Amino acid sequence: MNLLEIKNIKKSFGDLEVLKDISISVAEGEVVSILGPSGSGKSTLLRCATMLETMDSGSLIYCGENAATDVNGKSVYAPKKDLKRIQNYFGLVFQNFNLFPHYTVLKNITDAPVHVQKRDKEEVEKEAMALLKQMGIEDKFDYYPSQLSGGQQQRVAIARALAMNPKLLFFDEPTSALDPELTSEILRVLRDLAAEKMTMVIVTHEIEFARNVSDRVIFMDEGYIVEQGAPEKVIDNPDNDRVRAFLAKIK
Amino acid sequence: MKKRPVIAVFVFAALLVPALFASCSGISGSDVNWFMGVVYQLSNGMWASLLLFGCTILFSMPLGLLVCFARRSRFKVIELITKFYISIMRGTPLMLQLLVVYFAPYYIFKISLSSEYRTYAAIIGFALNYAAYFAEIYRSGIEAVPKGHHEAAKVLGYSKSQTFIKIVFPQMVRHTLPPVTNEIITLVKDTSLAFAIAYIDMFKIAKELSAQQSNIMPLFVAGLFYYIFNFVVSFVMGKIEKRAKRYE
Ligand SMILES: Nc1ncnc2c1ncn2[C@@H]1O[C@H](COP(=O)(O)OP(=O)(O)OP(=O)(O)O)[C@@H](O)[C@H]1O
Ligand SMILES: [Mg+2]
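Residues numbered from 1 in each chain as written. Chains lettered and ligands numbered in written order. Predicted model: local features only at pLDDT ≥ 70, side-chain atom pairs only at ≥ 80, totals over all residues. Heavy atoms only, no water.

**Student:** Please provide a residue-by-residue account of the overall build of chain B, values included.
**Tutor:** Helix and strand counts for chain B stand at nine helices and zero strands. For chain B, the sequential pattern of α-helices and β-strands runs α-α-α-α-α-α-α-α-α. Put simply, 78% of the contacts in chain B that link residues at least 6 apart link residues at least 24 apart. If you sum the accessible surface of chain B, you get close to 13700 Å²; carbon and sulfur atoms cover 70% of it. (Helix = DSSP H or I, 4+ residues; strand = E, 2+ residues; numbered from the N terminus. Contact = heavy atoms within 4.5 Å. Areas by Shrake-Rupley, 256 points an atom, 1.4 Å probe, with all protein chains shown as cover.)

**Student:** So what's going on with the site of ligand 1? Residues and values would help.
**Tutor:** Residue and element names in this part refer to chain A. Around ligand 1, a shell composed of 13 residues is seen, among which S38, G39, K42, S43 and T44 lie nearest. S40 is positioned such that a nitrogen or oxygen atom in its backbone is 3.2 Å from an oxygen atom of ligand 1. One of the side-chain N or O atoms of K42 is found 2.7 Å from an oxygen atom in ligand 1. When ligand 1 sits alone it has 630 Å² of accessible area, and the protein chains cover 59% of it. Elements with a contribution of two residues or more to the shell around ligand 1: β2 (16-27) and α1 (42-49). For the shell around ligand 1, the element with the highest residue contribution is α1, accounting for three residues. By residue class, the composition of the shell around ligand 1 is four nonpolar, seven polar and two charged. (Near = heavy atom within 4 Å. Polar contact = N/O pair within 3.5 Å; in protein donor to acceptor, adjacent residues only side chain to side chain. Nonpolar A, V, L, I, M, F, W, Y, C, P; charged D, E, K, R; others polar.)

**Student:** Break down the interface of chain A and chain B for me, citing the residues and quoting the values.
**Tutor:** Residue-level contacts link 24 residues of chain A with 20 residues of chain B. A combined buried area of about 2000 Å² lies between chain A and chain B, and 59% of that area is made up of carbon and sulfur atoms. If you sort the residues of chain A by the area they bury against chain B, Q87, F100 and H102 of chain A come out on top, with a joint share of 26%. At the junction of chain A with chain B, the criterion picks out two salt bridges. Residue K166 of chain B is joined to D111 of chain A by a salt bridge in which the shortest nitrogen-to-oxygen separation is 3.0 Å. Linking chain A with chain B are 15 residue pairs in polar contact (both at pLDDT 80 or more), by the criterion used here. Residue contributions to the side of chain A that touches chain B peak at four residues, all from helix α3 (residues 105-115) of chain A. Grouping the amino acids of the side of chain A that touches chain B by side-chain chemistry returns 13 nonpolar, six polar and five charged. (Buried area = accessible area lost by both parts, 1.4 Å probe. Salt bridge = Lys/Arg side-chain N within 4 Å of Asp/Glu carboxyl O.)

What follows is the structure in structure tokens.
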């Protein structure tokens, strides 16, 4: 069964049609990279998938459960309590981390599992420390986000998302706010997660990383998916001229 | 602890001002009794000033939060009414507002006024006025919380109220401490406006003493009270601010 099933999403902001007709499915354990020029709708797609944005039409299905169904070309969302459950299936890591500045690293990670998922605090804290250790920053558990480097903050943000035990993690340009050295730190974390078979959908401009880590690459342009497939195919030998031009420019 | 000497200097300077005036107007050491007398009489009014101050803070700060919510309401009518309320409160003299609150029951409902109502009217007038200012301060504090924090909270499954209480409110408090301190300091001095409805506060007593004795000194002593009061306010708020800043 697919963890995520997006069918025929359309999304406009006023007159601006941002997503024109997009369908994506993601299987368990799959790592999918989304590439595309600025303004092509990558973030909007992720925001629709994570329900930060409501889509105009199309359906959204997590683990076989309907978050939104298409009824006569209009997306109809499931009742609130269903959405609350579905919300637990995924996590999102932002480009600019969005850690809560008034919480320590540990509290950033444990607060939602304890107060949203109502899990046992001690157990959550133990898990959080293990996650921090995995990220190589267990000594920073009582720091405030402002006392950390960008790369460390992003690792905390990843740990915060993982602590909710999601089945699928979305990343929206997780390294764009970081300098090259810190970028490679975060990419290493993502590589480790991929090795552990964490299901991930990653919007990125890191072509090399996308080639090495993803099972599938999706190329978006002007609200459409213009090409998708194995990274060797899409990145090294694309059919579409747009993709070729974009990759040439980035390289 | 290092700050102690600085505080001492400020208090000393504050005490020096009336002392200098005293010496200029040729008051000798035997007038210490006179000074204590003034202080004693003012202290009666000081309780009235403190009461007005305390009650205004107690009511206007939470009320301000309600006004702030109303101002941010997604219902246009509520937003417009609140905007109008805030503009009246900020756009007309507080003294006039006090008079309106004080005399409204009489002129509108023909209710005769008990003398106790004076105190209530002062508190109501001040609370309504300061709530408007606090509401706008809170609003700027809430809007200073990055949109990304709301989004992160939403994806983590926090409910709207959890998001406000856990994520937005603490950051709002942090952002608004300096302007809130300003408002509180202004309020300390504004309590003297209550004389408009013959509320007997410290400043009113000082003015009366001053008129009786044809001497400006009682007013300066009153000024000293306000100064010390505000000094304490600044000190306490500074401590709170420092605590709130620890995560920066
Ligand atoms: N809330 C919004 N209101 C209006 N227009 C929006 C909004 N969000 C995005 N857009 C517009 O939608 C288009 C796609 O934006 P989106 O952020 O999805 O692009 P992107 O592919 O993520 O670009 P980038 O690589 O620069 O992040 C842009 O033209 C943008 O201006
Ligand atoms: Mg984007």
